[in-house]
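Inside the fold
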Amino acid sequence: MRILMLTQYFPPESGAAQVRLKEVAKGLQRSGHQVTVVTAFPNHPSGVIPPNYRGHWRMKDEVDGIPVWRTWIYPVQRGRFWKRLLNYFSFVFSSFWGLSKVGKQDILFFESPPLFLGITALIYGWLTRTRIIMNISDLWPESAVALGLVNSRWMIKAAEGLEKLLYRKAWKISTQTEGIRDSLLQRGVPKEKVTFLPNGVNLELFAPRERDAEMARTLGIKEDDFVLIYAGTMGYAQGLESVIHTAVLLKDKPNVRFLFVGDGTEKPMLEALVQEKGLANVIFVDFQPVQEMPRYFSLSSASIVPLKKNKLFEGARPSKMFPALGSAVPVIYSGEGEAAELVLSSGGGVVVAPENSQELAQAILELQKNPNRREMGQKGRRFVEANYTWSEIIRNWLRELGI
């Protein structure tokens with residue numbers, strides 16, 4: 001089938017959504033389908049369009065053999081909510097040019113959030129009589145309201161209206177977590193309309209490997225250091241300040257180091273907090289291409305995956321836990337609900353309460369002393385091998401779709 005993927009985020013940008021969507025596109029191609037992507041010029045999370053993409057309103061591109069049409073977007077990293085809206089809506093409108101170039105398609109698959117991209121999908125679907133798959137990686141506006149990021153009544157009401165319209169008009173709705181799927185069913189979305197497309201991991205890329213001595217020297221990490229990695233977006237939802245407070249509690253432990261790899265709106269605050277506390281046990285590294293991440297995991301003794309304490313996140317399943325499990329690095333999950341159950345059932349990690357710095361510090365010290373830590377990592381690797389390879393995920397999803 002001819003499948004059009006419409007998304008604001010796509011490689012060469014780094015991030016969970018970008019990696020996941022590329023793997024889905026590649027998986028669909030391997031299954032014999034024709035995939036074309038319409039996306040924005042790379043700008044996330046830095047808010048800067050790379051030099052080789054500047055000066056253009058639109059262009060044709062290619063990523064790992066996937067044809068990509070890119071259109072202009074108003075880039076933004078931080079700032080007021082109206083700037084974020086301008087970022088979203090600039091692509092909502094400019095993406096029509098990309099859609100006009102792809103020709104007749106059988107299915108339009110679009111990623112939400114941003115929910116507003118559903119406007120483009122609805123108009124395109126109506127004009128071309130193309131079936132729409134709405135892929136939900138985060139419930140919006142619910143998540144933004146729960147986190148206090150949106151409080152405009154008219155904006156919430158308009159977004160909720162669009163959300164209901166999309167649920168009604170979409171041919172299928174794919175969900176990233178069981179929590180999102182259950183929420184849709186509770187709202188009355190027909191069961192046969194809802195499919196499951198969870199996060200997975202590329203086990204050829206993320207695998208146990210020898211310690212990268214060159215990277216260790218670059219970062220000043222010694223061979224006997226116990227390294228806790230956080231790899232991903234540093235946003236409000238992650239509650240990373242609690243991890244910095246854990247670093248404060250463990251600052252007198254000479255071999256415990258915290259490695260933050262990524263970027264995001266909260267990074268300046270975290271860096272300022274580290275400076276304020278005079279911490280020498282915290283290292284920050286900018287966002288890295290996904291191909292570089294195995295080098296960082298090779299230095300890691302465990303991976304910290306935190307979320308804020310919020311009812312909303314009980315149905316979350318952070319993608320960043322899967323590369324760690326695939327790399328045979330134990331996961332310390334600081335949160336509740338679906339992801340906590342997954343980590344425990346994998347045998348590849350431990351769970352602590354969200355935003356509890358003392359409990360996190362205790363878990364780190366216990367894991368450091370645990371003689372079975374290596375076996376824990378191997379269990380995590382076997383778990384994702386059995387359940388979360390992209391080939392298996394795509395095969396199951398296509399079966400649900402009936403294509």
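Relevant structure appears above.
Attention here is on the structure that accompanies the text. Here the structure is a predicted model, which means the values were calculated and not measured.

**Remarks on the overall build of the protein**
A tally of regular secondary structure across the protein gives 15 helices and 14 strands. Its C-alpha atoms give the protein a radius of gyration of 21 Å, near enough to 22 Å, the size a compact globule of 403 residues would have. Dimensions of the protein, computed from C-alpha atoms along their principal axes, come out at roughly 65 × 40 × 40 Å. Every one of the 403 residues in the protein was classed for burial, and the buried ones make up 57%. Considering only contacts in the protein between residues 6 or more positions apart, those separated by 24 or more positions represent 72%. Of the charged side chains in the protein, 50 are positive and 40 negative, and the gap between their average positions amounts to 6 Å.

**Some remarks on the sheet that holds strand S11 (residues 282-285)**
The six strands lie next to each other as S11-S10-S9-S12-S13-S14, forming an open sheet whose pairing is parallel. Unpaired on one side and paired on the other, S11 and strand S14 (349-352) mark the two borders of the sheet. In this sheet, neighbouring strand axes are inclined to one another by 20 degrees on average, regardless of whether the strands run parallel or antiparallel. Two strands pair when backbone bridges link them, and strand S13 (residues 331-334) and S14 are joined in this way by four bridges, in the parallel orientation. Within the sheet, the bridge partner assigned to Tyr 333 lies in S14 and is Val 351.

**Digging into helix H5 (residues 153-169)**
Each turn of an α-helix holds 3.6 residues, which means side chains three or four residues apart point in the same direction. Given a rise of 1.5 Å per residue, 17 residues ought to cover 24 Å, and the 24 Å separating the end C-alpha atoms of H5 matches this to within 8%. Listing the buried residues of H5 in full gives Met 155, Ile 156, Ala 159, Leu 162, Glu 163, Leu 166 and Tyr 167. For H5, the arc enclosing every buried residue in end-on projection is 135 degrees, short of the 170-degree limit, so these residues lie on one face. In H5, those exposed residues whose orientation departs by more than 90 degrees from the buried face are Arg 153, Trp 154, Lys 157, Lys 164, Arg 168 and Lys 169.

**A short note on the pairing of strand S12 (residues 302-306)**
With five of five residues buried, S12 lies mostly within the body of the structure. As defined by bridge partners, S12 adjoins S13 across four bridges and the pair is classed as parallel. Note on S13: the bridge partner recorded for Ile 304 is Ile 332. The parallel pair S12 and S13, bridged by helix H11 (residues 321-326), forms a crossover whose chirality is right-handed.

**Thoughts on the sheet that holds strand S1 (residues 2-6)**
Taken together, eight strands build an open sheet; the order of strands is S3-S4-S2-S1-S5-S6-S7-S8 and the sheet is mixed. Taken across any chain shown, the strands that pair with only one partner, and hence form the sheet edges, are strand S3 (58-63) and strand S8 (194-196). Geometrically, the sheet is characterised by an average inter-axis angle of 25 degrees between neighbouring strands, direction not taken into account. Inspection of the sheet shows strand S7 (residues 172-175) paired to S8 by three bridges, in the parallel sense.

**What about a nonpolar patch on the surface?**
Together, Ile 123, Trp 126 and Leu 127 give the surface a local cluster of nonpolar side chains, amounting to about 360 Å² of exposed area. Among the residues examined, Trp 126 registers a relative accessible area of 60% and is labelled exposed.

**Things to note about the packing of helix H12 (residues 338-346) against helix H14 (residues 373-387)**
Between H12 and H14, the least distance of the axes is 8 Å, while the angle of their chain directions is 110 degrees. What the angle tells us is that H12 and H14 run roughly perpendicular. Residue-level inspection shows Leu 342, Ser 345 and Ser 346 of H12 in contact with H14, the latter providing Lys 379, Gly 380 and Phe 383. When the residues that make up the contact of H12 with H14 are grouped by side-chain class, the tally is two nonpolar, three polar and one charged.

**Description of the nonpolar core**
Counting 60 residues, the largest nonpolar core has Leu 219, Leu 259, Tyr 296, Tyr 333 and Trp 397 as the members making the most contacts within it. When residues of this core are assigned to their parent elements, the largest contribution, six residues, is made by helix H15 (residues 390-401). Grouped together as the second largest cluster of nonpolar side chains are 40 residues, Leu 4, Val 38, Tyr 88 and Met 155 included.

**Overview of the pairing of strand S4 (residues 66-71)**
With five of six residues buried, S4 is to be regarded as a mostly interior element. As judged from the six bridges shared by S3 and S4, these two strands associate in the antiparallel manner. Each residue of the ladder has a partner; that of Asp 61, found in S4, is Val 68. Hairpin connection from S3 to S4: two residues lie between these consecutive antiparallel strands, with Asp 64 at a positive phi of about 50 degrees.

**Some remarks on the packing of aromatic side chains**
Inspection of every chain in the model, using the stated rule, returns 13 aromatic pairs. Ring geometry for Tyr 88 against Phe 116: centres 6.0 Å apart, planes inclined by 40 degrees, an arrangement best described as tilted. Of this pair, Tyr 88 sits in helix H2 (residues 81-101) while Phe 116 sits in the loop between strand S5 (107-112) and helix H3 (117-128), and the two are 28 residues apart along the sequence. Just as Tyr 88 is buried, Phe 116 falls in that class too. Consider the rings of Tyr 230 and Phe 260, whose centres lie 6.1 Å apart with planes at 45 degrees: the pair is tilted. Residue Tyr 230 is located in strand S9 (residues 226-231), and its partner Phe 260 is located in strand S10 (residues 256-261); the two are separated by 30 residues in the primary sequence. What makes Tyr 230 buried here is its relative accessible area of 2%. Within the aromatic cluster, the residues linked to one another by ring pairs are Tyr 88, Phe 89, Phe 93, Phe 116 and Trp 140. The cationic tip of Arg 131 hangs over the ring face of Trp 171; the distance from NZ or CZ to the ring centre is 4.2 Å.

Reading guide: rules and limits
Residues numbered from 1 in each chain as written. Predicted model: local features only at pLDDT ≥ 70, side-chain atom pairs only at ≥ 80, totals over all residues. Heavy atoms only, no water. Helix = DSSP H or I, 4+ residues; strand = E, 2+ residues; numbered from the N terminus. Rg over C-alpha atoms; globule rule 2.2 N^0.38 Å. Buried < 20%, exposed > 50% of the residue type's maximum accessible area, 1.4 Å probe, protein only. Contact = heavy atoms within 4.5 Å. Lys, Arg positive; Asp, Glu negative; His and termini not counted. Charge placed at Lys NZ, Arg CZ, Asp CG, Glu CD. Pairing = 2+ DSSP bridges. Axes fitted to C-alpha atoms, helices over the stretch in contact; angles between N-to-C directions. Expected span 1.5 Å × (residues − 1). Arc of directions from axis to C-beta. Right-handed = clockwise from strand over helix to strand, strands pointing away. Patch = residues over 30% accessible without salt bridge, like charges linked within 9 Å, V, L, I, M, F, W, Y side chains within 5 Å. Areas by Shrake-Rupley, 256 points an atom, 1.4 Å probe, with all protein chains shown as cover. Salt bridge = Lys/Arg side-chain N within 4 Å of Asp/Glu carboxyl O. Parallel < 35°, antiparallel > 145°, perpendicular 65-115°, else oblique. Nonpolar A, V, L, I, M, F, W, Y, C, P; charged D, E, K, R; others polar. Core = buried A, V, L, I, M, F, W, Y, C linked by side-chain atoms within 4.5 Å. Phe/Tyr/Trp six-rings, centres within 6.5 Å; stacked < 30°, edge-to-face > 60°. Lys NZ or Arg CZ within 6 Å of the ring centre and 35° of its normal.

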